[in-house]
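Observations on the three-dimensional arrangement
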Amino acid sequence: MTTPTRRHPVQLFLPALAALFCAAQVAAAQPAPTTGVPASPISSPSPDETTPNLGAVEWLKRMHGAARTHSYVGTFVVTVAAGNLSSARIWHACEGDLQVERVDVLSGPPRTTFRRNEQVLTFLPDQRVIKSEKRENSELFPNLLGAPDSAIADFYGVKVVGKGRVAGFDTDVIQLMPRDAMRFGYRIWTEKRTGLLTKLQTVDSDGKVVEQSAFSELQLDAPVKVQSLSQMMNTPAGYRLEKAQVERTTPQAEGWTLKNPVPGFKPTSCNRRVIAGSERTLQWTFSDGLATVSLFIEPYDAKRDAQEGTMALGATYTLTRRLADPSGDWWLTAVGEVPARTLEAFAQSLMRQPR
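Residues numbered from 1 in each chain as written. Predicted model: local features only at pLDDT ≥ 70, side-chain atom pairs only at ≥ 80, totals over all residues. Heavy atoms only, no water.

Moving on to the packing of aromatic side chains. This structure, assessed with the given rule, holds 11 aromatic pairs. Their ring planes at 35° and their centres at 6.0 Å tell us that Y300 and W331 sit as a pair that is tilted. One end of the pair, Y300, is in the loop between β17 (292-299) and β18 (309-313); the other, W331, is in strand β20 (residues 330-336), and 31 residues separate them in sequence. Above the ring of W91, the side-chain terminus of R102 is found at 5.0 Å from the ring centroid. One Lys or Arg, R322, reaches over the ring of Y300 and ends 4.0 Å from the middle of that ring. (Phe/Tyr/Trp six-rings, centres within 6.5 Å; stacked < 30°, edge-to-face > 60°. Helix = DSSP H or I, 4+ residues; strand = E, 2+ residues; numbered from the N terminus. Lys NZ or Arg CZ within 6 Å of the ring centre and 35° of its normal.)

The next subject is helix α2 (residues 56-69). With 14 residues, α2 should reach 20 Å at 1.5 Å per residue; the first-to-last C-alpha distance of 20 Å fits that figure. Taken together, the buried positions of α2 are A56, V57, W59, L60, M63, H64, A66 and A67. (Expected span 1.5 Å × (residues − 1). Buried < 20%, exposed > 50% of the residue type's maximum accessible area, 1.4 Å probe, protein only.)

Of all the 11 residues making up strand β2 (residues 85-95), 8 are buried; the element is thus mostly covered by neighbouring parts of the structure. Bridge analysis of strand β1 (residues 72-80) against β2 gives 8 bridges, and the strand direction is antiparallel. Residue F76 lies in a different strand from β2, and its bridge partner there is A88. Remark: 4 residues form the turn of the hairpin made by β1 and β2, two consecutive strands paired antiparallel; G83 in that turn has positive phi of roughly 105°. Note: β2 against strand β3 (residues 98-105), 8 bridges, orientation antiparallel. Counterpart to C94 in the pairing with β3 is Q99. The antiparallel hairpin formed by β2 and β3 contains 2 residues in its connecting segment, where G96 sits at a positive phi of about 65°. (Pairing = 2+ DSSP bridges.)

Structurally, the position occupied by E191 is in strand β9 (residues 185-191). Here E191 falls in the buried class, since its relative accessible area comes to 7%. Placed 18 residues apart in sequence, E191 and V173 show a C-alpha to C-alpha distance of 9.1 Å. In contact with E191, other than residues within four places in its own chain, are R62, F169, D170, T171, L196, T198 and L220. A polar contact is formed between the side chain of E191 and the backbone nitrogen of R193, at a distance of 3.2 Å. (Contact = heavy atoms within 4.5 Å. Polar contact = N/O pair within 3.5 Å; in protein donor to acceptor, adjacent residues only side chain to side chain.)

Our next topic: the pairing of strand β8 (residues 169-178). Across the 10 residues that make up β8, a large majority, 7, are buried. Bridging between strand β7 (residues 156-166) and β8 involves 10 bridges; their strand directions are antiparallel. Directly across from V160, in β8, lies its bridge partner I174. Connecting β7 to the next strand, β8, in antiparallel fashion are 2 residues, including A167 with a positive phi near 55°. When β8 meets β9, the two strands line up antiparallel, connected through 6 bridges. Counterpart to I174 in the pairing with β9 is I188. Between the antiparallel neighbours β8 and β9 lie 6 residues.

Following this line, the structure appears as structure tokens:
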């Protein structure tokens, strides 16, 4: 197995939590860890304590709803088994269907990301640049549930583990257990009163924690306003606004298909992106309701796309591969919060349609 040494342009579109970590630690990417993050203390609930008796989908809907009906401010920390750590400050406000969030990365190069429903602005102070784009099905933190889907229960079991305490809040602790080896498991702490996700551990097939994210400090129902955060999204003097060029399309229209669907993963979107002014990249995204996989496909360039391999960054794996085709080769970058074997299944199944 080889590890790519360069950062590919498509890594700019990693999912929210992975992008937060990558901003500070992308240079430290390394093979899959062999030791786990120490587990946090979990107590069994006493008989007089009430914990909701819910299925996997119901627990996720509860968390999802809490994030969309409560404002909060907090410091969010991501750690991986290899010892790398990244943190961010989050302000989240909601008003009806309007969701606005600000995320300031506290580790590595300074960066601030605003999300106003589907509109996303990323401020890069060192470059005096603001990158603007619209993301379909963009989920504000936590990005644990892309869309409610009863099929989740076919691929994940759920059990109540006990109770805990995170950032000063009493929590229920549940575990989502994968029913196959194509996805990770999750141990989740949710605030007892609201159901807000306060801590998340991603667990591999050996039970080791490969990535952990949690609030180290949290103000729930904080007096943060949608209007105040929205005003911060205005372009400051001296900044250049760069708008991403994204066109909705279909895999069939672009000449791609999967010979064999990967169990549990359904396509959620397909877009053409123009990167660096002229480089056109196809992004085909799949989700099982929890984990997300994106396939980035572009024409092969021998000067740039020389090294194939797989690398791990916490729970996020990246696979790069050259795809041979009589009319011209292609370069695939598959990214997802899934085991490496899942990305391999996508890569093996991806093929050009006969023209």
